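Report on the structure
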Amino acid sequence: MTTSVQEAHPFLDTRFDIQWSQLSPDHVIADMEEGLAQGQAAIHRIAVQDPANATYESTFVALEASTRPLDHGWGLVNHLDSVNNSAELREAFNQVLPKVSAFYAEIFLNEKLYAVLKTVAERDLSRLSPVERRFVEETLADFQENGVDLSDDDKERFKQIKSDLTAMTQKFTENELDSTNAFELIIEDVTRLAGLPDSFLEAAKESALKKGLGSEDAPKWRFSLQYPSFFPALKYVDDPDIRRQLFEAMSGVASEGDHDNLPLIREILILREKKAALLGKKSFPDHVLARRMAKSGSQALAFVEDLHAKTKAAFDQENEELSRFK
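First things first, this report covers the structure right here in the doc. (Residues numbered from 1 in each chain as written. Predicted model: local features only at pLDDT ≥ 70, side-chain atom pairs only at ≥ 80, totals over all residues. Heavy atoms only, no water.)

The next thing to look at is a nonpolar patch on the surface. On the surface, a nonpolar cluster with roughly 240 Å² of combined accessible area is contributed by Leu262, Ile265 and Leu269. Its location among the elements puts Ile265 in helix 12 (residues 262-278). (Patch = residues over 30% accessible without salt bridge, like charges linked within 9 Å, V, L, I, M, F, W, Y side chains within 5 Å. Areas by Shrake-Rupley, 256 points an atom, 1.4 Å probe, with all protein chains shown as cover. Salt bridge = Lys/Arg side-chain N within 4 Å of Asp/Glu carboxyl O. Helix = DSSP H or I, 4+ residues; strand = E, 2+ residues; numbered from the N terminus.)

Below, the structure is given as structure tokens:
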């Protein structure tokens, strides 16, 4: 990648030392659209090959590399959305999210691409190394797991379900973030904070001052659900009522009001079951776990229930000891 491209599309700059100061929200849309264009062109080059002349390197290896700029850039966007969310970043993220989601979904529904990959796999698998064979098998399984064998109508349904799930899970995350940020606990009597080390006490006072609460002469102490604020208070403050308020607030994130995730959870579960059904699975856990150690939802549930039975007596004993200590 040339310097000019790096400057024009900083999210696609794959140098090891990430230029965080250049990754501003106003670059997100243009950079992701450039990454999408590069990825689409690379996928097209693989899919239109003559299968007779295609090789492991020109198909499977090329496919792995085809989305690398977009993978890198989209990863940075997601990271910033998690640690430095803003109105501008959220708007840009949500504007480009459907396009990125559709691009990744369509890779696995591309019949021409899949046909070339299958031809190479069937012809060359025996001459590949064990690692290469594993990569080929897992890649083909990815296509099957993501709907390549569905009918045209079911493919459209599958794409719509994946698009809806992407939007809903993003909204779920935003509700969690907004609900977390909306909470604050203001303490006006410092004696209630007995047990809290001085450094955390000072941080709570500074947090209040930054929000325009209290003053140096008449301080207040502010606690949020951000870990550096929440955890020390929960660990050190003697006052059980303060610890209870913080614990209940953390436990109730995104569970009521404008940020209530319960309706979204219902819709997400319904869509996941529809997705699994389209792929011929009895349930979403069966779909997700088919290639994992548990293999099925029933085996995963049996493991958890067995673990519960084996640990409950010790759990009850420890709870009783803790209650007596309290």
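Read on for the rest.
This part covers empty space enclosed by the protein. Applying the stated criterion across every chain yields a total of 1 cavity of 30 Å³ or more. Of the voids in this model, the largest cavity is the one considered here, and its volume is about 40 Å³. In terms of lining residues, the largest cavity is bounded by Pro10, Asp13, Asp17, Ile18, Gln19, Leu23 and Leu76. Classifying every residue of the lining of the largest cavity gives 4 nonpolar, 1 polar and 2 charged. (1 Å grid on protein atoms, 1.4 Å probe; cavity = no way out; pocket = protein on both sides within 12 Å on 5 of 7 lines; lining within 4 Å. Points joined across faces, edges and corners; volume = space filled by probe spheres on them. Nonpolar A, V, L, I, M, F, W, Y, C, P; charged D, E, K, R; others polar.)

Glancing now at the packing of helix 5 (residues 87-107) against helix 8 (residues 152-182). Look at helix 5 against helix 8: their axes get within 10 Å of each other, and the N-to-C directions meet at 150 degrees. Read as a crossing pair, helix 5 and helix 8 show a hand that is right-handed. Taken together, the residues of helix 8 that come into contact with helix 5 (itself represented by Arg90, Phe93, Asn94, Leu97, Ser101, Ala105 and Glu106) are Lys159, Lys162, Ser163, Thr166, Gln170, Glu174, Leu177 and Asp178. Looking at the contact of helix 5 with helix 8, its residues break down into 4 nonpolar, 5 polar and 6 charged. (Axes fitted to C-alpha atoms, helices over the stretch in contact; angles between N-to-C directions. Left-handed = near helix turned anticlockwise from the far one by under 90°. Contact = heavy atoms within 4.5 Å.)

This structure, assessed with the given rule, holds 25 salt bridges. Asp124 serves as the salt-bridge partner of Arg123, at 3.0 Å between the closest nitrogen and oxygen. Here Arg291 makes a salt bridge to Glu145, at a shortest N to O gap of 3.5 Å. With Arg291 in the loop between helix 13 (284-289) and helix 14 (297-325) and Glu145 in helix 7 (residues 130-145), this residue pair connects regions lying 146 residues apart in the sequence. Overall, Arg291 belongs to the partly exposed group, its relative accessible area being 33%. In this structure Glu145 comes out as partly exposed when scored by relative accessible area, which is 25%. Via salt bridges that share partners, Arg134, Glu138, Asp142, Glu145 and Arg291 belong to a single interconnected network. (Buried < 20%, exposed > 50% of the residue type's maximum accessible area, 1.4 Å probe, protein only.)

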